[in-house]
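Residues per chain are reported as follows:
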Amino acid sequence: MTAVTEPAGSAVLHDCREAFAETLLELAGSDERTVAVCNDSVGSSNLKGFQERFPDRLVNVGIAEQLMVGVGAGLANGGRIPYVCAAAPFLTGRALEQIKADVAYSRTNVKLCAMSPGFAYGALGPTHHGVEDFAWLRTLPELVLLSPADPAETREALRWAHGYDGPVYLRIGRTGVPALTPHVPFEAGRAARLRDGDDVTLIATGTTVSAALDAADELAAQGIAARVLNFSTVKPLDERAVLEAAASTGRIVTAEEANIAGGLGSAVAEFLATRRPVPMRLLGVRDEFAPTGGAGFLARHFGIDARSIARAAGELTAPGRGPAA
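Quantities reported herein were computed from a predicted structural model and do not represent experimental measurements. (Residues numbered from 1 in each chain as written. Predicted model: local features only at pLDDT ≥ 70, side-chain atom pairs only at ≥ 80, totals over all residues. Heavy atoms only, no water.)

Caption draft 1: Representation of the pairing of strand 3 (residues 81-87). Counted residue by residue, strand 3 has seven buried out of seven residues, so it is predominantly covered. Note: strand 1 (residues 34-38) against strand 3, five bridges, orientation parallel. Looking across to strand 3, one finds that Ala-36 is bridged to Tyr-83. Of the pairings in the sheet, the one linking strand 3 to strand 4 (residues 111-115) comprises five bridges and is parallel in character. For Ala-86, the partnering residue across the bridge sits in strand 4 and is Ala-114. (Buried < 20%, exposed > 50% of the residue type's maximum accessible area, 1.4 Å probe, protein only. Helix = DSSP H or I, 4+ residues; strand = E, 2+ residues; numbered from the N terminus. Pairing = 2+ DSSP bridges.)

Structure, rendered in structure tokens:
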């Protein structure tokens, strides 16, 4: 786990797709093996700049996600480093078999870039919500799952993925988030402690990291010291950080913009169940299709906003809810 830091938050919200697009251009400029593959999503994947600068290195297959992943695998087998870009629900839902067989099982050097995951397309309803991806993909061996918290971490995660010889899945957020993370080298499989605390641990990933930090502020006002861990890597899980948090604080709240079943919270609970069980609250999408609405509304609906995270942590730290309870 990386060292304790105290990031300076910002009221300005950022679209991580911009950081993705800038970094991809940087990588393509320095490494001619870099190519992009998309499903008629040049605009929504922020690939217009890439298309203009490297038109011969962009493959647009149209609305054919299974073909898209297969083309990416073929390019990787030919020595290229393909960035396969599509909206998260379509990349994972429509092409799951190809991700399993052509990418994970074959261990091809493909970078799967899930654009606008979670509730980013909230107003378009459940068909466009990208919340099942962790559960679907966490079961696949060989596949690294990354969910950066802000633009700086998106850049570093993308650079790390480029240098990693193997399949990687990256969530590229569209919902605005503040700048949170320090400018340190990114290492997959390592959680970052953004705030220290001994009463309860808040484990978050992606967009919920900023909510967890805001929740920690609310808890501090109540005299509760909350540790905040940024799990930008969902798989492989930083088991050491999880075990240390369980031993040190005795209570854990997980929060993710994804299904609870099979997601980050499930991974944490599965690991602790046979090693150091502690009281937990798993926050995320429950066993239901989300209603139509904006990302903020849906975060409140499913209890992954700052107030809900603070409430869940407060319940765990209430009298009679000690670490042994």
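Caption draft 2: Seen up close, the sheet that holds strand 12 (residues 280-285). A sheet is described by the order of its strands in space; here five strands give the open sequence 7-9-8-11-12, paired in mixed fashion. Whereas interior strands pair on both sides, the edge strands pair on one side only; in this sheet they are strand 7 (192-195) and strand 12. The average angle at which neighbouring strand axes cross in this sheet is 25 degrees, direction not considered. Relative to strand 9 (residues 226-230), strand 8 (residues 200-204) runs parallel, the two being bridged by five bridges. Bridged to Ile-203 within strand 9 is Leu-229. Against the sheet, helix 12 (residues 306-317) makes contact with strand 8, strand 11 (252-259) and strand 12, and its axis sits at roughly 160 degrees relative to strand 12, the strand it touches most. (Axes fitted to C-alpha atoms, helices over the stretch in contact; angles between N-to-C directions. Contact = heavy atoms within 4.5 Å.)

Caption draft 3: Up close: the pattern of salt bridges. Scanning the model with the defined rule gives 16 salt bridges in all. Across the pair Glu-156 and Arg-159 runs a salt bridge whose closest N-O atoms are separated by 2.8 Å. One end of the pair, Glu-156, and the other, Arg-159, are both in helix 7 (residues 151-163), three residues apart, so they sit about a helical turn from each other. Under the relative-accessibility criterion, Arg-159 is labelled partly exposed at 30%. Note that Glu-187 is salt-bridged to Arg-190, the shortest N-O span being 3.2 Å. Residue class for Glu-187 comes out partly exposed when judged on its relative accessible area of 42%. Through salt bridges with shared partners, a single ionic network connects Arg-193, Asp-196, Arg-227 and Glu-244. (Salt bridge = Lys/Arg side-chain N within 4 Å of Asp/Glu carboxyl O.)

Caption draft 4: Spotlight on the confidence of the model for the protein. Mean pLDDT for the protein: 93, with 94% of residues reaching 70 or above. Note that pLDDT drops below 50 for residues 2-10; the model gives that stretch 20 contacts with residues more than four away or on any other chain. (pLDDT = per-residue confidence, 0-100.)

Caption draft 5: Focus on the side chain of Glu-256. Looking at where Glu-256 falls in the secondary structure, it is placed in strand 11. A distance of 2.8 Å separates a polar side-chain atom of Glu-256 from the backbone nitrogen of Gly-265. Residues in contact with Glu-256, not counting those within four places in the same chain, are Phe-134, Thr-205, Thr-208, Gly-263, Leu-264, Gly-265, Leu-283, Gly-284 and Ile-304. (Polar contact = N/O pair within 3.5 Å; in protein donor to acceptor, adjacent residues only side chain to side chain.)

Caption draft 6: A look at helix 8 (residues 208-221). Under the 1.5 Å per step criterion, the end-to-end length of helix 8 is 20 Å for 14 residues, consistent within 8% with the ideal 20 Å. The set of residues buried in helix 8 consists of Thr-208, Val-209, Ser-210, Ala-211, Ala-212, Leu-213, Ala-215, Ala-216 and Leu-219. (Expected span 1.5 Å × (residues − 1).)

Caption draft 7: Main features of unusual backbone geometry. Following Lys-235, the chain continues into Pro-236 via a peptide bond in cis, with omega recorded as 0 degrees. As for its position among the elements, Pro-236 is in the loop between strand 10 (233-235) and helix 9 (239-249). The phi dihedral of Asn-46 is positive, around 55 degrees, even though this residue is not glycine. Here Asn-46 lies in the loop between strand 1 and helix 2 (48-53). Although it is not a glycine, Arg-107 sits at a positive phi angle of roughly 50 degrees. Position of Arg-107 relative to the elements: it lies in the loop between helix 5 (96-105) and strand 4.

Caption draft 8: Broad picture of the packing of aromatic side chains. Counting across every chain of the model gives four aromatic pairs. Ring centres of Phe-50 and Phe-54 lie 5.4 Å apart, and the angle between their planes is 50 degrees; this geometry places the pair in the tilted category. The class for Phe-50 is buried, based on a relative accessible area of 2%. A residue is classified by how much of its surface remains accessible, and Phe-54, at 9% relative accessible area, is buried. Aromatic pair Trp-160 and Phe-186: ring centres 6.3 Å apart, planes at 65 degrees, arrangement edge-to-face. (Phe/Tyr/Trp six-rings, centres within 6.5 Å; stacked < 30°, edge-to-face > 60°.)

Caption draft 9: How the structure looks around the packing of helix 1 (residues 16-30) against helix 7. Helix 7 packs onto helix 1 with a crossing angle of 35 degrees between their chain directions and a minimal axis gap of 8 Å. Crossing of helix 1 against helix 7: the hand is right-handed. Of the residues in helix 7, those in contact with Cys-16, Ala-19, Phe-20, Glu-22, Thr-23, Leu-24, Glu-26 and Leu-27 of helix 1 are Pro-151, Thr-154, Arg-155, Leu-158, Arg-159 and His-162. Here the residues of the contact of helix 1 with helix 7 sort into seven nonpolar, three polar and four charged. (Left-handed = near helix turned anticlockwise from the far one by under 90°. Nonpolar A, V, L, I, M, F, W, Y, C, P; charged D, E, K, R; others polar.)

Caption draft 10: Summary view of empty space enclosed by the protein. Counting across every chain of the model gives one cavity of 30 Å³ or more. Its boundaries defined by the atoms lining it, the largest cavity holds a volume of some 130 Å³. Surrounding the largest cavity, 17 residues form its lining, Pro-117, Pro-148, Gly-173, Gly-206 and Thr-207 being those nearest its centre. Residues belonging to the lining of the largest cavity are distributed by class as follows: six nonpolar, seven polar and four charged. (1 Å grid on protein atoms, 1.4 Å probe; cavity = no way out; pocket = protein on both sides within 12 Å on 5 of 7 lines; lining within 4 Å. Points joined across faces, edges and corners; volume = space filled by probe spheres on them.)

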